[in-house]
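# Summary of the model geometry
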Amino acid sequence: MSTDLYDVIARRRDVRAEFSGEPVDLGQLRRVLQAAHEAPSVGHSQPWDFVLVFDEDTREQFADHVETERRAFAEQLEGERRTTFEKIKVEGIRESGLGVVVTYSPERGGQHVLGRHAIADTGLYSTCLAIQNLWLAATAEGLGVGWVSFYREEFLADLVGLPDGVRPVAWLCLGPVRHLQAVPDLVRHGWRKGRSLDEAIHLESWRG
């Protein structure tokens with residue numbers, strides 16, 4: 001049994017402070033995007049698109065917006081929780097050199113998408129699978145990825161010119177890294193420890 005895939009999964013990190021600032025090799029970028037595009041999707045609808053943002057001004061505008069949202073979240077915290085949060089870097093928008101905006105188009109595949117009739121969100125789930133493929137492929141390539149979530153969807157959609165009805169699911173910071181942390185940031189900074197696998201397994205029912 002090959003352990004390469006398990007090694008990549010174990011090494012994958014949400015990268016913020018470790019980007020080197022070097023440009024992304026375009027061959028690597030193509031391979032990573034191809035891996036994302038090969039993700040499974042409901043009804044083979046492939047409801048995702050990838051907006052590549054290299055422009056410094058656009059990234060600067062987004063970084064300023066994210067900082068505003070970060071401060072808004074910090075103001076909801078008190079005491080030790082706020083002190084802990086203030087030490088956590090939440091994005092690497094400027095440092096990574098490339099933003100990949102992954103979008104979801106609910107109209108992709110037409111009115112009757114096979115497998116989506118009972119669960120509308122399966123298209124959104126499919127887009128998240130593409131993101132996971134991209135993330136693992138980037139890790140295998142020695143690149144880092146950071147998922148930025150401190151933003152308002154309306155702002156990002158307008159910033160990158162998305163058509164009506166197309167939803168921005170993620171801004172991913174993508175680029176070469178100096179290294180990957182051995183321990184996730186939120187664990188290292190004491191925000192949350194996480195759960196063991198045994199705590200997440202239920203036999204036969206939730207109460208099992």
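Above this text is the structure in question.
Keep in mind the model is a prediction, meaning the values are calculated, not measured.

The next point concerns the pattern of salt bridges. Evaluated as defined, the whole model comprises 15 salt bridges. Among the salt bridges present, the one from Asp185 reaches Arg16, with a minimum N-O distance of 3.4 Å. Residue Asp185 is found in helix α8 (residues 185-188), and its partner Arg16 is found in the loop between α1 (4-11) and α2 (26-37); the two are separated by 169 residues along the sequence. You'll find Asp185 and Arg16 in the same group, each marked buried. The residue Arg94 makes a salt bridge to Asp64 at a minimum N-O spacing of 3.3 Å. Taken together, the positions of Arg94 in helix α5 (residues 93-96) and Asp64 in helix α3 (residues 56-74) put the pair 30 residues apart, joining distant regions of the chain. By relative accessible area, which is 39% here, Arg94 ends up partly exposed. Connected through salt bridges with shared partners, the residues Glu67, Arg70, Arg71, Arg82 and Glu86 form a single ionic network.

This paragraph deals with the environment of Ala39. The topology assignment puts Ala39 in the loop between α2 and β1 (48-53). With a relative accessible area of 7%, Ala39 lands in the buried category. Put simply, Ala39 and Glu60 are 21 residues apart on the chain and 31 Å apart in space, counted from C-alpha to C-alpha. With residues near it in sequence (within four places) discarded, Ala39 still touches Trp48, Leu129, Ala130 and Asn133.

Here the focus is the layout of surface pockets. Each pocket or cavity is described by its volume, and for the largest pocket that value is around 200 Å³. Looking at the largest pocket, the residues that line it are Asp14, Arg16, Phe73, Phe85, Ile88, Val90, Trp147, Ser149, Phe150, Leu186 and Trp191. Here the residues of the lining of the largest pocket are counted per class, giving eight nonpolar, one polar and two charged.

A separate point is the packing of aromatic side chains. With the rule as written, the count across this model stands at eight aromatic pairs. Look at Phe73 and Phe85: their rings are 5.0 Å apart centre to centre, the planes differ by 75°, and that puts the pair in the edge-to-face class. Taken together, the positions of Phe73 in helix α3 and Phe85 in helix α4 (residues 79-86) put the pair 12 residues apart, joining distant regions of the chain. A relative accessible area of 27% means that Phe73 is categorised as partly exposed. According to the relative accessible area criterion, Phe85 is buried, its value standing at 4%. Measuring from ring centre to ring centre gives 6.3 Å for Trp135 and Trp147, while their planes differ by 50°; the resulting arrangement is tilted. In this pair, Trp135 sits in helix α6 (residues 122-140) while Trp147 sits in strand β3 (residues 143-148), placing the two residues 12 residues apart along the sequence.

Each value, and the rule that gives it
- Residues numbered from 1 in each chain as written.
- Predicted model: local features only at pLDDT ≥ 70, side-chain atom pairs only at ≥ 80, totals over all residues.
- Heavy atoms only, no water.
- Salt bridge = Lys/Arg side-chain N within 4 Å of Asp/Glu carboxyl O.
- Helix = DSSP H or I, 4+ residues; strand = E, 2+ residues; numbered from the N terminus.
- Buried < 20%, exposed > 50% of the residue type's maximum accessible area, 1.4 Å probe, protein only.
- Contact = heavy atoms within 4.5 Å.
- 1 Å grid on protein atoms, 1.4 Å probe; cavity = no way out; pocket = protein on both sides within 12 Å on 5 of 7 lines; lining within 4 Å.
- Points joined across faces, edges and corners; volume = space filled by probe spheres on them.
- Nonpolar A, V, L, I, M, F, W, Y, C, P; charged D, E, K, R; others polar.
- Phe/Tyr/Trp six-rings, centres within 6.5 Å; stacked < 30°, edge-to-face > 60°.

Nothing here speaks to function; it is all geometry.
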